[in-house]
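What follows is each chain in one-letter form.
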There are 2 protein chains.
Amino acid sequence: MKKVPVLEIFGPTIQGEGMVIGQKTMFVRTGGCDYRCSWCDSAFTWDGSQKPDLMQADEIVEKLEKQGGDVFNHVTISGGNPALHSGLAEVISLLQNKGIKTAVETQGTIWQDWMLEIDDVTISPKPPSSGMETNWNKLDMYMRELLNHSNNDLSLKVVIFDEDDLTYAATVHERYPEVDMFLQTGNDELETSDNSWLLSHLLEKYEWLVDKVLQSERLNEVKVLPQLHTLLWGNKQGV
Amino acid sequence: MKKVPVLEIFGPTIQGEGMVIGQKTMFVRTGGCDYRCSWCDSAFTWDGSQKPDLMQADEIVEKLEKQGGDVFNHVTISGGNPALHSGLAEVISLLQNKGIKTAVETQGTIWQDWMLEIDDVTISPKPPSSGMETNWNKLDMYMRELLNHSNNDLSLKVVIFDEDDLTYAATVHERYPEVDMFLQTGNDELETSDNSWLLSHLLEKYEWLVDKVLQSERLNEVKVLPQLHTLLWGNKQGV
Ligand code: SF4
Ligand code: SF4
């Protein structure tokens, strides 16, 4: 069995973002990322500040079951970029054998065949404010593979910090018009522990984003969402 | 053309609840309801406090277009109970001819054939705290009709105020396990205009609901959501 670097296994909690927002789920957060987004909210997965455990598939599933007991049947694999790890194939197949649904989020830079087995796939290309550059050819191939060879639920998600990000999101949306598109408020205050201040700050940003989308003809079909877990629990890790 | 009693036409705004949460949409709110829920947040549709306009289908669509211009292609029909009005069939067909998607929410007590034409159908049976009683035979027929004769996206939504409501929601969920199920925080403070107090009150209630769902084996598959518009704009009507 290939080992997977795991930073945290937590839950049950709710998915606070995107296509299955509100869904009860467990999280497996893997280490490592091929990107270095300026505003990464899980930089601890790749900046060396926290050390991953190298775990086998059966150990990961065991820990999920120990922690989640009978009160979950959905697991979200998150990162970092989980698509770095081919060993997740075994995790996913073990979970499926138990009738547990899976979700994943990745920026769509590295392909893994296990991507086709996931129930809820979120591809989240990074907008200009991240400092990263999108390889459109690669992304096209990624989306084509998912659209043609899988019957999972597929969505796109773009985190928005400014007007340039919105233009980028419209471009992504128009490139893959058949795919459900989610826009999400970016959190630019990752350090604060003043939750009530953060709450009003993030709601202001969400309102700004809603207003912008409402005015834009290019964004008639998108869904605009906040991060529910941040509204509830601020910047706390592991919830 | 049959006329439809309309209380408000507003938007574009975002859908703050349920299966298409975050979606940019216009709202048409019809008058009248066969229920009298104790905590109804749109009692003005049936308590005589606001007077509906009797409007023809083409007038409704004209007003939507005048108000929404080019920045919408989704319309939510809400109430009251919109299923009181057979005249909505024409509204829906006019919108469809223009490529505009539609959504509706109803408690599932009164059937209309136009229900089969709607893209996003939310059936929201009312839990014990509402003071209403569910006719399960009727609801079964309603759900069967939608599941067998339509290819719309279908969901159930139950607003939760207390533990009894949660038990009711689990019963509904187990009765129709193949249907996406949403639980929503109830707003028990419909009169306050103190938005920052209301925000923290509703988030506390949402956290309570999340905790309860996380602990319940019967509710592993449900999605738990707040009302985004209330978090943003409080009890203001028409947003
Ligand atoms: S792709 Fe995701 S995990 Fe990687 S740096 Fe960007 S935000 Fe962080
Ligand atoms: S069914 Fe809806 S509109 Fe009718 S009384 Fe109940 S909450 Fe109000």
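Since we're looking at a predicted model, the values are computed, not measured.

Considering the overall build of chain A
From N to C terminus, chain A includes 6 helices and 9 strands. The globule rule puts the C-alpha radius of gyration for 239 residues at 18 Å, and the 17 Å found for chain A is close to it. Residues counted as buried form 59% of the 239 residues belonging to chain A. When contacts within chain A are restricted to residue pairs at least 6 apart in sequence, those whose partners lie at least 24 apart make up 72%. For chain A, the distance from the average site of its 20 positive side-chain charges to the average site of its 37 negative ones is 5 Å.

Looking at helix α1 (residues 57–68) of chain B
All names here are of chain B. In a regular helix each residue adds 1.5 Å, so 12 residues correspond to 16 Å; α1 covers 16 Å between its end C-alpha atoms and thus fits that length. Within α1, burial applies to A57, I60, V61, L64 and G68. Buried residues of α1, viewed axially, fall in a sector of 95°; they line one side. Relative to its buried face, α1 has exposed residues pointing more than 90 degrees away, namely E62 and K66. Where the residues of α1 are buried, they touch β1 (4–14), β2 (24–30), β3 (53–55), β4 (74–78) and α2 (88–97).

Focus: the packing of aromatic side chains
Residues and elements named next belong to chain A. All told, the structure shown has 8 aromatic pairs over all chains when counted by the stated rule. Relative to F27, the ring of F10 lies with its centre 5.0 Å away and its plane at 10°, an arrangement referred to as stacked. Of this pair, F10 sits in strand β1 (residues 4–14) while F27 sits in strand β2 (residues 24–30), and the two are 17 residues apart along the sequence. Taken as a pair, F10 and F27 share a single burial class, namely buried. Ring geometry for W111 versus Y142: centroids 5.0 Å apart, planes at 75°, classification edge-to-face.

Topic: the side chain of T134 of chain B
All names here are of chain B. Tracing the backbone shows T134 in the loop between β6 (120–123) and α3 (136–149). The exposure class assigned to T134 is buried, which follows from its relative accessible area of 17%. A distance of 2.5 Å separates the side chain of T134 from the side chain of Y168, its partner in a polar contact. Those residues in contact with T134, other than ones at most four positions away along the chain, are K126, L139 and Y168.

Thoughts on the UniProt feature "binding site: S-adenosyl-L-methionine" (unreviewed entry) in chain A
Residue and element names in this part refer to chain A. In this numbering, the UniProt entry assigns the feature "binding site: S-adenosyl-L-methionine" (unreviewed entry) to W39, C40, D41, G80, S124, P125 and K126. Position of G80 among the secondary structure elements: in the loop between β4 (74–78) and α2 (88–97). Setting aside anything within four residues of it in sequence, one finds G80 in contact with T30, G32, C33, S42 and T45. Mapped onto the secondary structure, S124 falls in the loop between β6 (120–123) and α3 (136–149). On the basis of relative accessible area, S124 is assigned to the buried category, the value being 2%.

Considering the nonpolar core
The biggest cluster of nonpolar side chains holds 128 residues, and the ones touching the most others in it are L183 of chain A together with L183 of chain B. Among all residues touching L183 of chain B, those that are not within four sequence positions of it are V158, I160, L166, A169, L209, V213, L219, V222, K223, V224 and L225 of chain B.

Some details on the site of ligand 2
Around ligand 2, the neighbouring residues are C33, Y35, R36, C37, C40, S42, W46, G80, Q107 and K126 of chain B. The class makeup of the residues in the shell around ligand 2 is 5 nonpolar, 3 polar and 2 charged.

Comments concerning the sheet that holds strand β9 (residues 223–225) of chain A
Residue and element names in this part refer to chain A. Ordered by their spatial adjacency, 9 strands build an open sheet running β3-β1-β2-β4-β5-β6-β7-β8-β9, and the pairing between neighbours is mixed. Edge strands, defined here as strands with exactly one partner in the open sheet, are β3 (53–55) and β9. Adjacent strand axes in the sheet meet at a mean angle of 30°, parallel and antiparallel pairs treated alike. The pairing of β4 with strand β5 (residues 101–106) spans 4 bridges and is classified as parallel. For I77, the partnering residue across the bridge sits in β5 and is V104. Where α3 meets the sheet, it contacts β5, β6 and β7 (153–160), and its direction lies at approximately 165° from that of β6. Sheet strands touched by helix α5 (residues 195–215): β7, β8 (180–185) and β9. Its angle to β8, the strand with the most contacts, is close to 140°.

Conventions we followed
- Residues numbered from 1 in each chain as written.
- Chains lettered and ligands numbered in written order.
- Predicted model: local features only at pLDDT ≥ 70, side-chain atom pairs only at ≥ 80, totals over all residues.
- Heavy atoms only, no water.
- Helix = DSSP H or I, 4+ residues; strand = E, 2+ residues; numbered from the N terminus.
- Rg over C-alpha atoms; globule rule 2.2 N^0.38 Å.
- Buried < 20%, exposed > 50% of the residue type's maximum accessible area, 1.4 Å probe, protein only.
- Contact = heavy atoms within 4.5 Å.
- Lys, Arg positive; Asp, Glu negative; His and termini not counted.
- Charge placed at Lys NZ, Arg CZ, Asp CG, Glu CD.
- Expected span 1.5 Å × (residues − 1).
- Arc of directions from axis to C-beta.
- Phe/Tyr/Trp six-rings, centres within 6.5 Å; stacked < 30°, edge-to-face > 60°.
- Polar contact = N/O pair within 3.5 Å; in protein donor to acceptor, adjacent residues only side chain to side chain.
- UniProt positions renumbered as here; feature names shortened; annotations may be inferred.
- Core = buried A, V, L, I, M, F, W, Y, C linked by side-chain atoms within 4.5 Å.
- Near = heavy atom within 4 Å.
- Nonpolar A, V, L, I, M, F, W, Y, C, P; charged D, E, K, R; others polar.
- Pairing = 2+ DSSP bridges.
- Axes fitted to C-alpha atoms, helices over the stretch in contact; angles between N-to-C directions.

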